[in-house]
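Inside the fold
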Amino acid sequence: VQLQASGGGLVQAGGSLSLSCAASGSTRGIKVMGWYRQAPGKQRELVATIGTDGITVYADSVKDRFTISTDNAKSMVYLQMNSLKPEDTAVYYCNGVDIATIPPVDYWGKGTLVTVSS
C-alpha cells in the first residue's frame, strides 16, 4: 500500500487549506484512514480519522475547524482545514490501517508541510 499526500503549503492565520491523500496498491483491507501531524520538537499526534463506515474521530484541538472526509471508491481521504492557527504548523501525515492482517498494519505517507503564519 502506498499513500501519497498533497496540498500542504503556507497560509496566514485564519486561512484555509485542504489536504488530499491517495491510497494505491492492495487497499482492500484499508478500513480506517486519517491524518496525523508532527510539529518541530513534538511527537506525532492524531488529527482526525475516518472509517469506511463514516465514523470520525477528531483531536480536541481541531474540532469544529477541520473536517475529514473520504471517497472510498477512489481510496482517497481529505482534510479540510479552516480557521488555521500558528499552532497547526506541522508536517501532516496520511495514515491507513489495514485490518485484514493480524495484527493490523499501519501505512504512512511521506508527509506534507503546513505552515501557518501569524
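Residues numbered from 1 in each chain as written. Predicted model: local features only at pLDDT ≥ 70, side-chain atom pairs only at ≥ 80, totals over all residues. Heavy atoms only, no water.

Some details on the sheet that holds strand E7 (residues 66-71)
The pairing of strands in a sheet comes from backbone hydrogen bonds and takes either a parallel or an antiparallel form. The following threshold applies: Strands are labelled as partners when DSSP assigns at least two bridges between them. Helix and strand assignments follow DSSP, with helices taken as H or I runs no shorter than four residues and strands as E runs no shorter than two, numbered in order from the N terminus. Under this scheme, a helix contributes an axis fitted over its contacting stretch, all axes are lines through C-alpha atoms, and angles between N-to-C directions fall in the 0 to 180 degree range.
Sheet architecture is open: four strands sit in the order E1-E3-E8-E7, paired in antiparallel fashion. At either end of the open sheet lies a strand with only one pairing partner, and these are strand E1 (2-6) and E7. Going across the sheet, the axis of each strand differs from the next one's by a mean of 15 degrees, ignoring polarity. Bridge count for E7 against strand E8 (residues 76-81) is six bridges, and the pairing is antiparallel. Across the sheet, residue Asp 71 finds its bridge partner in E8, namely Met 76.

Side note on the nonpolar core
Soluble globular proteins tend to bury their nonpolar side chains together. To keep it simple, the criterion reads: For our purposes a nonpolar core is just a set of buried Ala, Val, Leu, Ile, Met, Phe, Trp, Tyr and Cys residues, chained together by side-chain atoms within 4.5 Å. Each residue is assigned to one of three classes by its accessible area relative to the maximum for its type, calculated with a 1.4 Å probe on protein chains only: buried under 20%, partly exposed between the two thresholds, exposed over 50%.
Membership of the largest hydrophobic core comes to 27 residues, with the highest contact counts inside it found for Trp 35, Leu 79, Met 81 and Tyr 92. Sorting elements by how many residues they give to this core places strand E3 (residues 17-24) first, with four residues.

Things to note about the pairing of strand E9 (residues 90-98)
Among the nine residues of E9, eight are classified as buried, and the element is accordingly described as predominantly covered. Judged from the eight bridges that link them, strand E4 (residues 30-38) and E9 form a sheet pairing that is antiparallel. In the strand pairing of E9, Val 32 is matched with Val 97. Pairing between E9 and strand E11 (residues 112-117): three bridges, direction antiparallel. Within E11, the residue paired with Val 91 across the bridge is Leu 113. As paired elements, E9 and strand E10 (residues 105-108) share four bridges and run antiparallel to each other.

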